[in-house]
Amino acid sequence: AATARALIVELLELAADATDGDAAARLHFEELASSNDAESSAVHQNFALGDAAAPLLRPAPPAPPQVLRGVQSLAEGARLHVWLAVVRLPRVGTDLVVSISRPVADAATEGVAATEDLELLRAVVGSLEVRDWSLFGGGGAEESEEVPT
């Protein structure tokens, strides 16, 4: 059965108050909860993907992408399952955030859907590539690399 879900990729200002990927993921998750007018939110998992998770990003980020899984309770009893990955790019003052959200299904199908969402998140993070660092303004110009065509 088809599951309604949203996949969003955002280039956000580096969360300067977040000292590491774990804190950055939590901060961006809470900002998303606020944007969704969530009445409450809970983090269920928060872990690093590993250094090879974003192989196309060159130069490589200083830390591996951080992944967070959580649930947001919205108005009228609706619940939203959220996977969120944060790739920190401090040289250009940016947190690259990938989120996948969908309504929480019944318990019998929740595990399968969560596994599919994580696989999709890993695939998206693994395909991230910056072809022109000048996109980030003057701070990234020195990082520009030739991209083979």
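No experiment lies behind these values; they were computed from the predicted model shown.

### Details of the environment of Pro103
- Among the structural elements, Pro103 can be located in strand 5 (residues 94–103).
- Once the C-alpha coordinates of Pro103 and His81 are considered, the two residues, 22 residues apart in sequence, prove to be 6.0 Å apart.
- Each residue touching Pro103, except ones within four places of it in the same chain, is listed here: Ala4, Arg79 and Leu80.

### Considerations on the pairing of strand 4 (residues 79–89)
- Of all 11 residues that make up strand 4, 10 are buried, and the element is covered over most of its length.
- Relative to strand 4, strand 3 (residues 66–73) runs antiparallel, the two sharing eight bridges. For Leu68, the partnering residue across the bridge sits in strand 4 and is Leu84.
- Hairpin connection between strand 4 and strand 5: a loop of four residues separates the two successive antiparallel strands, and Gly93 in this loop has a positive phi of roughly 65°.

### Quick word on the side chain of Thr94
- Structurally, Thr94 can be placed in strand 5.
- Polar contacts involving the side chain of Thr94 include one to the main-chain carbonyl oxygen of Val92, which spans 3.0 Å.
- With residues up to four places along the chain from it excluded, the contact list for Thr94 reads Leu11, Leu12, Glu13, Leu14, Val87, Arg88, Leu89 and Phe136.

### What about the nonpolar core?
- The biggest cluster of nonpolar side chains holds 22 residues, and the ones touching the most others in it are Val67, Trp83, Leu89, Val98 and Leu121.
- Of all the secondary structure elements, the ones that give two or more residues to this core are strand 4, strand 5 and helix 2 (107–127).
- Ranked by residues supplied to this core, first place goes to helix 2 with five residues.

What counts, and where the lines are drawn
- Residues numbered from 1 in each chain as written.
- Predicted model: local features only at pLDDT ≥ 70, side-chain atom pairs only at ≥ 80, totals over all residues.
- Heavy atoms only, no water.
- Helix = DSSP H or I, 4+ residues; strand = E, 2+ residues; numbered from the N terminus.
- Contact = heavy atoms within 4.5 Å.
- Buried < 20%, exposed > 50% of the residue type's maximum accessible area, 1.4 Å probe, protein only.
- Pairing = 2+ DSSP bridges.
- Polar contact = N/O pair within 3.5 Å; in protein donor to acceptor, adjacent residues only side chain to side chain.
- Core = buried A, V, L, I, M, F, W, Y, C linked by side-chain atoms within 4.5 Å.

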